[in-house]
Amino acid sequence: MRLRTAASLAVLAFATLASSAAPAAPLPPLSQRAVPTQLPRGVRPLEYFLHVNPDAANLRFSGTAAIDIEVTERAPSITLNAADLAFTRVTLGSRAGDETAARNISVNAEAQTATIAFAHPILPGRYRLTLDYTGKIYTQAAGFFALDYDSPKGKKRALFTQFEAPDARRFFPSWDEPRFRTPYTLAVTVPAGDDVVANMPAARTVRNGGLKTVTFQKTPAMSSYLVFFGTGEFDRITTRAANTQIGVVARRGNGEQGRWALTSSARILPWYNQYFGTPFPLPKLDNVAGPGSSQFFGAMENWGAIFSFENRLLVDPAISTEASRQDIFETAAHEMAHQWFGDLVTMAWWDDLWLNEGFASWMATKATQALHPEWQPELGRVGGREGAIGQDSVATTHPIVQRLTTVDQISQAFDSITYNKGEAVITMLEDYVGADAWRRGVQDYIRVHKYSNTQSDDLWAAIERAAPGKPVTAIAHDFTLQPGVPLIRVTDARCAGGGRTVATLKQEEFTRDRPNKAPLRWRVPVIAATAGGPMQARTLVTGGAGTVTVPGCGALVVNSGQTGYYRTLYAPPLLARLKADYPRLATVDQMGLLADTWGLGLAGYQSAADALDMVDAAPADANPRLIGSVATILAQIHGFYDGDPRHQALVTRYATAKLAPVLARIGWRAKAGEPATVTLLRANLVATLGAVHERGVVAEANRLTAARDPLATGGPLRTAIATIVAQNADAATWERLHEAAKAEKNPLVRSQLYRQLGSARDEALARRALDLALTPEPGATNSAGIISAVAGQHPDLAFDFAIRHREEVEALVDISSRSRFVPQLGARSTDPAMVGRIEDYATRYLTPQSRRPADQAIASIRDRIKVRETRVPDISRWLEAKVR
């Protein structure tokens, strides 16, 4: 027996607490697609007992991990994950009470592993592996990290953890792979005046002088990336819903700003309990707010302790808008959906990350539609689909389910394909099988696989059991195991006898950069309707062709309701008829048809001006969501003409004629009882007209700011007004904004002010903003946002600056984001030379496995250049004919 440190004794002392938690889950059987691992398979963890001692002032911590393990085959050593950890002592204890010290500890920094060898090989059996270690507290949101902020009592520092994707290994040595589900018991020693929060409620607190040790209840069996701990000076407000205590944790003095999130969560949780058919299994669910921001994520679904940055959780009257209130609700809905899809049932490996993220995105929209139908979230799915198609239609795309082998690849998988395409495919499949059958399948999936790991086929099997006779797995494989976007070409549509339209469909592939590519084949569920027709018709296009017979003889809309993930290309006479009937279509089909026509035009399948005919046909009293889509397209066109003031002026005049009357009708100031969609539209119109240099809006924004009008100092238009002022700032205005940012104590407002300093169109001011980003003044989590803001107006300037100061810039970015951040700065460039500069960066600093973001940036640049050279002339002719 050897003497243990105090931390080690504490770990052993709380090993028996909360024995009611679920036991370690058995490893699931391998399915047809073997679950990868980066660790030897002969050793597995059964349970963790962790004790951590943070030293916040020095950004260091010490810890002890006592891990019960099972050795299934004779092993010369034990290998587990560890990153930036230094080991001071490691022992292996047997059930008989024998304990052996490690003979050698070999750390592989590149593989992020530690291999521990003992004097003799380890025989099969159960042991306790105890590791004393030290680690780093980072200043960016990865692993164990610090967030600094100003308070009425001066500078403060809070500590939090963020472990997805795989960074639990930076907090404790572990089998840091999702397949290894075990219970965790966590103890922490912190200053007695600080507050603590973790996945589970506190079980006991022991005070010793100026310190206290808090031991939390044992968690259910879960994956390592879901472990959470936070400490600092916090408020916690609570309520109860569905037999669960729900809390919001925020900086001390700011708890009430979490009231909207709290009440929203209390509505969402019972709805999810009912939908999933399995109640939330933990005794409490906290939403924890952290000051600052990340270039990688906004919120994280830690089981029982969701972490969000403040702008995703708190409503601050000085800065919050209707859009941010809705975003807070939707973020809560997304992260709470993960408590089932991701936490209770977890993907076996990161290949199936979309099972977490795509499903949570879909579920958040569904919950929002049920609880806030007045927001019309179903219309937002069109924009989400377009975000996915934008990435999925170029050569650098990837399947939803993709093979991931490195830490960088895992981090890069958090993208529009995983989230937006995942949501779009689930939307399509739910519509195909029916909402009731889909829900029964989901409930069966959760019931069968709770506290275990799954792969995509487990979900498809459950859905097929609930919807017999539907080829769900075959369709799902087409859309998840291969990349790309189907194109449904409507070659002909004729009115037949009996008032029916018979349409001929051909399946091709939509691509923006491979015009001669042989199309992949999908089984595509297609829904069609005629304008004013009595009902929809459905077919499954297989083998590349199909027909559909639709009631009615009006203009034909394919993808009626916009639940399908594909582009629709109409023969010219059919498109002309749709344009003529455009004002009379359902809003969702107006938005989907406009998105399709715009995307097809920019890709060269038809004239880019066709979409402008629909823009022109959109009435001034159209649904605010449709007007918002029109505004987005006009702002994009204005950007195409950077460096061409004559055509930019035409865009400004047309946008003014189209949008300014709408703004005049709804006014700058909100009216009592107005719909939330109108509140959102007002901010959108102000921002868009400011972005296209509409003189009246720019002048009004500056007037309101100079007068310190309440519209400019707080409330729903504050952000739009401040952005217009910052974009058009001269040196004196920029300096006033800079002084305001330095003086601001509110972290939310301060972060926004610093980012706005980077949005100036004046290149000299943009250079000043870049220099400012490398100073300590903005704060560790704000500086990268400044650089990104500069890239929005001056991509070449921001990229070149980041290359000159690469090591300093990378230090400002989350570890998980570094391979993406620099290439994305240059992605908006239209200079052909930027392709070579990004290629040089990728060759020098990225591995072949981690260079996808660089390739995506290059593809984006080439596409923008091609659009300007070959598609914009059609737009120019349309504007020249339309604008007098």
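Conventions and cut-offs
- Residues numbered from 1 in each chain as written.
- Predicted model: local features only at pLDDT ≥ 70, side-chain atom pairs only at ≥ 80, totals over all residues.
- Heavy atoms only, no water.
- Helix = DSSP H or I, 4+ residues; strand = E, 2+ residues; numbered from the N terminus.
- Buried < 20%, exposed > 50% of the residue type's maximum accessible area, 1.4 Å probe, protein only.
- Contact = heavy atoms within 4.5 Å.
- Lys, Arg positive; Asp, Glu negative; His and termini not counted.
- Charge placed at Lys NZ, Arg CZ, Asp CG, Glu CD.
- Axes fitted to C-alpha atoms, helices over the stretch in contact; angles between N-to-C directions.
- Parallel < 35°, antiparallel > 145°, perpendicular 65-115°, else oblique.
- Left-handed = near helix turned anticlockwise from the far one by under 90°.
- Nonpolar A, V, L, I, M, F, W, Y, C, P; charged D, E, K, R; others polar.
- Pairing = 2+ DSSP bridges.
- Salt bridge = Lys/Arg side-chain N within 4 Å of Asp/Glu carboxyl O.
- Disulfide = S-S within 2.5 Å.
- pLDDT = per-residue confidence, 0-100.
- Phe/Tyr/Trp six-rings, centres within 6.5 Å; stacked < 30°, edge-to-face > 60°.
- Expected span 1.5 Å × (residues − 1).

Overview of the overall build of the protein
Thought 1: On a plain count of helices and strands, the protein comes out with 28 helices and 29 strands.
Thought 2: For the protein, the spread of C-alpha atoms along the three principal axes comes to 90 × 70 × 55 Å.
Thought 3: For the protein, the residues scored as buried account for 60% of the 884 residues in total.
Thought 4: A sequence separation of at least 24 residues applies to 71% of the contacts in the protein between residues at least 6 apart.
Thought 5: The positive charge centre, built from 96 side chains, and the negative charge centre, built from 87, are 2 Å apart in the protein.

Notes on the packing of helix α22 (residues 763–773) against helix α24 (residues 795–804)
Geometry of a packed helix pair, given as the angle between the helix axes and the separation of the axes.
Thought 1: Contact geometry for α22 and α24: axes closest at 11 Å, N-to-C directions at 30°. For the element pair α22 / α24, the angle class is roughly parallel. Between α22 and α24 lies a crossing of right-handed hand. Seen from α22, the contacting residues are E763, A766, R767, L770 and D771; seen from α24, they are L797, A798 and F801.
Thought 2: Residue composition of the contact of α22 with α24, by class: five nonpolar, no polar and three charged.

Details of helix α26 (residues 818–825)
Thought 1: Within α26, six of the eight residues are buried, which leaves it mostly tucked inside the rest of the structure.
Thought 2: Residues of α26 that are buried: S819, R820, F821, V822, P823 and L825.
Thought 3: In this structure, the buried residues of α26 make contact with α6 (407–412), α23 (783–793), α24, α25 (806–810), α27 (833–845) and α28 (852–882).

Quick look at the sheet that holds strand β29 (residues 567–570)
Thought 1: The four strands are arranged β27-β24-β23-β29 in an open sheet whose pairing can be described as mixed. The two strands at the open ends of the sheet, each matched to only one other strand, are β27 (545–551) and β29. Taking the axes of each pair of neighbouring strands and ignoring which way they run, one obtains an average angle of 30° across the sheet.
Thought 2: Relative to β29, strand β23 (residues 485–496) runs parallel, the two sharing four bridges. Among the inter-strand pairings, I488 is bridged to a residue of β29, identified as T568.
Thought 3: This element, helix α12 (residues 587–603), spans β23, β24 (500–510) and β29 of the sheet and lies at about 75° to β29.

Looking at the pattern of salt bridges
Thought 1: If you walk through the whole model with that rule in mind, you get 52 salt bridges.
Thought 2: Among the ionic pairs, D167 bridges to R170, the shortest N-O distance being 2.8 Å.
Thought 3: The exposure class of R170 is buried, given its relative accessible area of 6%.
Thought 4: Among the salt bridges present, the one from E700 reaches R703, with a minimum N-O distance of 2.8 Å. Of this pair, E700 and R703 both sit in helix α17 (residues 695–706), separated by three residues, roughly a single helical turn.
Thought 5: A relative accessible area of 44% means that R703 is categorised as partly exposed.
Thought 6: Look at the salt bridges and you will find they share partners, linking D84, K136, D167 and R170 into a network.

Focus on the state of the cysteines
Thought 1: Overall, the coordinates contain one disulfide when judged by the stated rule.
Thought 2: The side chain of C495 participates in a disulfide bridge whose partner is C553; the two sulfur atoms lie 1.8 Å from each other. Where C495 bonds to C553 through sulfur, the torsion about that S-S bond is close to 65°, and the disulfide is right-handed. Separated by 58 residues along the polypeptide, C495 in strand β23 and C553 in the loop between β27 and β28 (556–558) bring together distant segments of the chain.
Thought 3: Owing to a relative accessible area of 52%, C495 belongs among the exposed residues under this scheme.

Things to note about the side chain of D610
Thought 1: Along the polypeptide, D610 turns up in helix α13 (residues 609–617).
Thought 2: Beyond its immediate chain neighbours, meaning those up to four positions away, D610 contacts L575, K579 and T597.

Here's the deal with the confidence of the model for the protein
Thought 1: On average, residues of the protein score 92 in pLDDT, and 96% of them reach the 70 mark or higher.
Thought 2: Predicted confidence for residues 1–32 stays below pLDDT 50, and this span has 69 contacts to residues more than four positions away or in other chains.

Observations concerning the packing of aromatic side chains
Thought 1: As enumerated under the stated definition, the model contains 44 aromatic pairs in all.
Thought 2: For the pair Y841 and Y845, a centre-to-centre distance of 5.5 Å together with 50° between the ring planes defines the contact as tilted. Placement of the pair is Y841 and Y845 together in helix α27, with a separation of four residues, close to one helical turn.
Thought 3: An aromatic cluster is defined as three or more aromatic residues linked by ring pairs; in this entry it consists of W271, Y272, Y275, F276, F280, W340, F341, F359, W362, W438 and Y445.

Looking at α12
Thought 1: For α12, spanning 17 residues, the distance from its first C-alpha to its last is 24 Å, which sits close to the expected 24 Å at 1.5 Å a residue.
Thought 2: Taken across its 17 residues, α12 has 16 buried, putting it largely inside the fold.
Thought 3: Of the residues one or two after α12, G604 is the one with positive phi, at around 90°.

A few points about the environment of R806
Thought 1: As for its placement among the helices and strands, R806 is situated in helix α25.
Thought 2: What makes R806 buried here is its relative accessible area of 18%.
Thought 3: Sequence-wise, R806 and L704 are 102 residues apart; in three dimensions their C-alpha atoms are separated by 40 Å.
Thought 4: Beyond its immediate chain neighbours, meaning those up to four positions away, R806 contacts Y841 and Y845.

A few points about the environment of Q824
Thought 1: As for its placement among the helices and strands, Q824 is situated in helix α26.
Thought 2: Sequence separation of Q824 and A857 is 33 residues, and the distance between their C-alpha atoms is 5.9 Å.

A look at the sheet that holds strand β15 (residues 229–232)
Thought 1: Judged by pairing direction, the sheet is antiparallel, and its four strands sit side by side in the order β9-β10-β15-β12 without closing on themselves. Looking at the sheet topology across the chains shown, the edges are occupied by β9 (143–151) and β12 (195–198). Strand-to-strand twist in this sheet, taken as the mean axis angle between neighbours without regard to direction, amounts to 15°.
Thought 2: One ladder, built from two bridges, connects strand β10 (residues 154–162) with β15; its direction is antiparallel. In the sheet register, F160 faces β15, and the bridge partner there is G230.

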